[in-house]
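# Geometric and topological summary
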Amino acid sequence: MSTLRVLALLLVAGCAASQARWRGDDAMAEQRYDDAIEHYLDVLFVAPGDEEAAASLTRARRSAGVLHQRRALDLATAGDLNAALLAYDQAIRASDGDPRITTERTELLVMVVALRGALVRAKSAQQKGDCERAVSLLAPVMPYAGTFAEAVTLDATARATCYQRQLAGVAELFELRSLARVSKRLDAALEYRPGDAEATRWRARVVALERALELTRAGNGLLMKADWAGAEKNFSAALEALP
């Protein structure tokens, strides 16, 4: 090969490296770190010993890794764990395997596996009729319903089952004036369906009956003291308070 041809090739290579470097610098300035990485790699392909390009590549990889890492953390916080794992994969590739980012991804993956296991166990518990255990197992899964869509339906079904079980027999216990047991059941029912109208109505009836009984006891006490007017007043109020 002639000297002129060699010089021509070197000139072309030098121009290509310079253009790639400029594009990389522009990409860094615009925070397009993934693009900057590609451009600096092009420089090093043409000029493997270019220390400046190597240093720029390191900075671009660090910046790209941090950018994707932050995005992964935001996605995980928002409950989209699958997207967070993908963002971590991008961060690891961009940062050329940053061990801290790799550790974070591993920890997230362990959590995802644990949550999937809880979902499977919750499904099994619900199938066996153990709605209380199903709801308990789903508690840590529900904040990530965007990842585990099936958990939403399963949780609603389990809560409905538990709610109906707690509400069953309330009327009979109420008639028997077993108010402590009624209150306990209503408390449990409202845990599964906060603010539920039916349970709230029963709660109002319990409060009214407790008030009526309180007034009746007070009236009996006044009778013992021969306070006929006071006793009558309490008994009348008790009758009005009855649900």
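Residues numbered from 1 in each chain as written. Predicted model: local features only at pLDDT ≥ 70, side-chain atom pairs only at ≥ 80, totals over all residues. Heavy atoms only, no water.

The next thing to look at is the packing of aromatic side chains. For the coordinates displayed, the defined rule picks out zero aromatic pairs. Here the guanidinium or amino end of R193 rests over the ring plane of Y163, the centre of that ring lying 4.5 Å away. (Phe/Tyr/Trp six-rings, centres within 6.5 Å; stacked < 30°, edge-to-face > 60°. Lys NZ or Arg CZ within 6 Å of the ring centre and 35° of its normal.)

So, on to the pattern of salt bridges. As enumerated under the stated definition, the model contains eight salt bridges in all. Of the charged contacts in the structure, one is a salt bridge between R100 and D98, with a shortest N-O distance of 3.4 Å. On the basis of relative accessibility, which here comes to 63%, the residue R100 falls in the exposed class. A salt bridge links R159 to D155, with the shortest nitrogen-to-oxygen separation between them at 3.1 Å. Taken together, the residues span about one helical turn, with R159 and D155 both in helix α7 (residues 149-167) at a distance of four residues. Classification of D155 by relative accessible area gives buried; the value is 10%. (Salt bridge = Lys/Arg side-chain N within 4 Å of Asp/Glu carboxyl O. Buried < 20%, exposed > 50% of the residue type's maximum accessible area, 1.4 Å probe, protein only. Helix = DSSP H or I, 4+ residues; strand = E, 2+ residues; numbered from the N terminus.)

For the rest of this paragraph, the subject is the confidence of the model for the protein. Residues with a pLDDT of 70 or more make up 89% of the protein, whose mean pLDDT is 82. Mean pLDDT across the secondary structure elements of the protein bottoms out at helix α1 (residues 3-29), with 59, and peaks at helix α5 (residues 99-127), with 95. Low confidence marks residues 1-14, where pLDDT is under 50. Its contacts with residues over four positions away, or in another chain, come to three contacts. (pLDDT = per-residue confidence, 0-100. Contact = heavy atoms within 4.5 Å.)

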